[in-house]
Every structure is written in structure tokens, then in C-alpha cells.
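# Observations on chain architecture
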Amino acid sequence: MPTINIYLARHGQTAANAEAILQGSRTNPPLNECGVKQASALAGAMENEDLDWIVTSGLERAIETANLVAKHHKDAPFLSDARLNEISWGDLDGARFADIKPVVDKVVSQWKNGDYDARINNGESANDGKARIVAAFADILRVARERKYRNLFICIHGRIMRVIMAALVNKDLSKMQHFSHTNCCYHQIQVDLDDDPAASINPEKLTFKPIRIDVRDHLANLAKAEPSICSGL
């Protein structure tokens, strides 16, 4: 039974992060100077890990972060998958968080209380995000089993990271807020797969074991960069 080791990392800081601007799948800025430093620190933390595959969302901030990690793992294939994109905050994507905090807080509270279909106008719900990541993880794990990949690096975003941890590790979407994060932190999780190549893979029925959560010691020498007002997203 193969064990798949997954490093689930958040992207480095962007100007939108630094300015407390709500940043969902409709916003696609690059890393700022601080974000590049954070991503370089993350790359250093991953340098001695034997990564078999590097996967990112389809957004520039995640791709740029993962590219810095990939410099230390030149033989590892690189895949960008838009199903791993951040949740869309709809009409509020790109707005200053301080201006729309009550609206966002209301939706996050609804999710916490079990209304996973709640959404901001023209945005995605928690269930929408979950459906995307379950489909993506099914394909990622299938390919990992077929190609005998054992160590995966997946670079994504804050809210969708919470969805993954709550839905797959905790099996309870209401627990999204239990998983803290910052730019370029990572979670390490493991999952055992059936070694029968014909066996189907349903991530919701697998046991994902948390090994290390919210690892950020590699960032210790960098100044705290993200406004605390955004820490709940």
C-alpha cells in the first residue's frame, strides 16, 4: 500500500496581500518583493525533500512560488491545475477588506455554522470549492499511484487550503477556521492508497493524516508581512 506524502503550501505575498485587498480567483497579481523572499525561504525548506511532482493552481502567485521550489528539483514534473485556484469571492474580489469585512465575515460564519452553499454574489460557496478540490485530488493521486510518485508539493491559496484541510483531513467543512496559515507556510499530510491500479480513488473516503501543520519556522527571519485583518480568510 503506497503512502503519498503531500506538502501543501500557500503562495508568497502579493501587493494585494500587503494592502489587505481581498484576493480570490478573479485576481491574479504576481509576488511582490517580500513574497519572492518568502518563496525563496520555502524553497530552501523544501530543498532536501525528495519531491517527485510539483503541482500548483493556475494563478500566477502560486505558479511563481512553485517555480522557485522547482529550481531545487529539476527532474520533478511541473503541473498547473486551475481546479486548485483560490475560491472566488465574486463581486468583492479585489476590494479592500476593511470596506467589505462584514459581508465576508457573514459568509464565513455561515460556513462555520454548516451552510456550505452560502456565497458572496457571483462568488463560490464552500461546497463549490470542495467539489473542485475533490476532483483535482482524485486525479493527482491517481497519477501519483500510476507513476509511483511518493512526495508531492502542491502550491495553493489560503481559503482553498482551509477547504482541503477541513474536507479531506478533518472530514468536516465547518472546521475550516481551525487551520491557520500565512504566506508560504505549509502543511504536511500523508495518505495511503490501494496499490491496485484499477481501484478507484475517492479522496473523501481516504484517511489523510496530518504530520505537520502550519509550518512556518523557515520564515522566522522575515518580518511579519500580511495584515492581521486578512488572517481569517
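One can find the structure itself at the top, above this paragraph.
Rules used in this analysis
Residues numbered from 1 in each chain as written. Predicted model: local features only at pLDDT ≥ 70, side-chain atom pairs only at ≥ 80, totals over all residues. Heavy atoms only, no water. Core = buried A, V, L, I, M, F, W, Y, C linked by side-chain atoms within 4.5 Å. Buried < 20%, exposed > 50% of the residue type's maximum accessible area, 1.4 Å probe, protein only. Contact = heavy atoms within 4.5 Å. Helix = DSSP H or I, 4+ residues; strand = E, 2+ residues; numbered from the N terminus. Expected span 1.5 Å × (residues − 1). Bend = angle between axes of the 7 residues up to and from the residue. Pairing = 2+ DSSP bridges. Axes fitted to C-alpha atoms, helices over the stretch in contact; angles between N-to-C directions. Parallel < 35°, antiparallel > 145°, perpendicular 65-115°, else oblique. Nonpolar A, V, L, I, M, F, W, Y, C, P; charged D, E, K, R; others polar.

In terms of nonpolar packing, the biggest core is built from 49 residues, with Ile6, Val104, Trp111, Phe137, Leu141, Ile154 and Phe208 touching the most fellow members. Apart from the residues lying within four places of it in its own chain, the contact partners of Ile6 are Phe137, Leu141, Leu152, Ile154, His187, Gln188, Ile189, Val191 and Phe208. Core analysis: the next-biggest nonpolar cluster, separate from the first, contains 22 residues, Leu31, Leu42, Ala70 and Cys184 among them.

With that out of the way, let us pick up helix α4 (residues 97-112). With 16 residues, α4 should reach 22 Å at 1.5 Å per residue; the first-to-last C-alpha distance of 19 Å falls well below that figure. Residue Val103 marks the point of greatest curvature in α4, where the axis turns by about 40°. Residues Phe97, Ile100, Val104, Val107, Val108 and Trp111 constitute the buried set of α4.

Our next topic: the pairing of strand β1 (residues 3-10). With 7 of 8 residues buried, β1 is to be regarded as a mostly interior element. With 7 bridges connecting them, β1 and strand β5 (residues 186-192) associate as antiparallel partners. Bridge pairing in β5 links Asn5 to Gln190. In this sheet, strand β4 (residues 151-156) lies alongside β1 in parallel orientation, the contact comprising 6 bridges. Pairing of Ile6 across the sheet is with Leu152, part of β4.

It is worth spelling out the packing of helix α5 (residues 126-147) against helix α6 (residues 158-170) at this point. Helix packing for two helices is described by the angle between their axes and how far apart those axes are. At a minimum axis distance of 9 Å, the contact between α5 and α6 shows a crossing angle of 75°. Judged by the inter-axis angle, α5 sits roughly perpendicular to α6. Residues Ala126, Gly129, Lys130, Arg132, Ile133, Val134 and Phe137 of α5 form the contact with α6, whose own contacting residues are Ile160, Val163, Ile164, Ala167 and Leu168. By residue class, the composition of the contact of α5 with α6 is 9 nonpolar, 1 polar and 2 charged.

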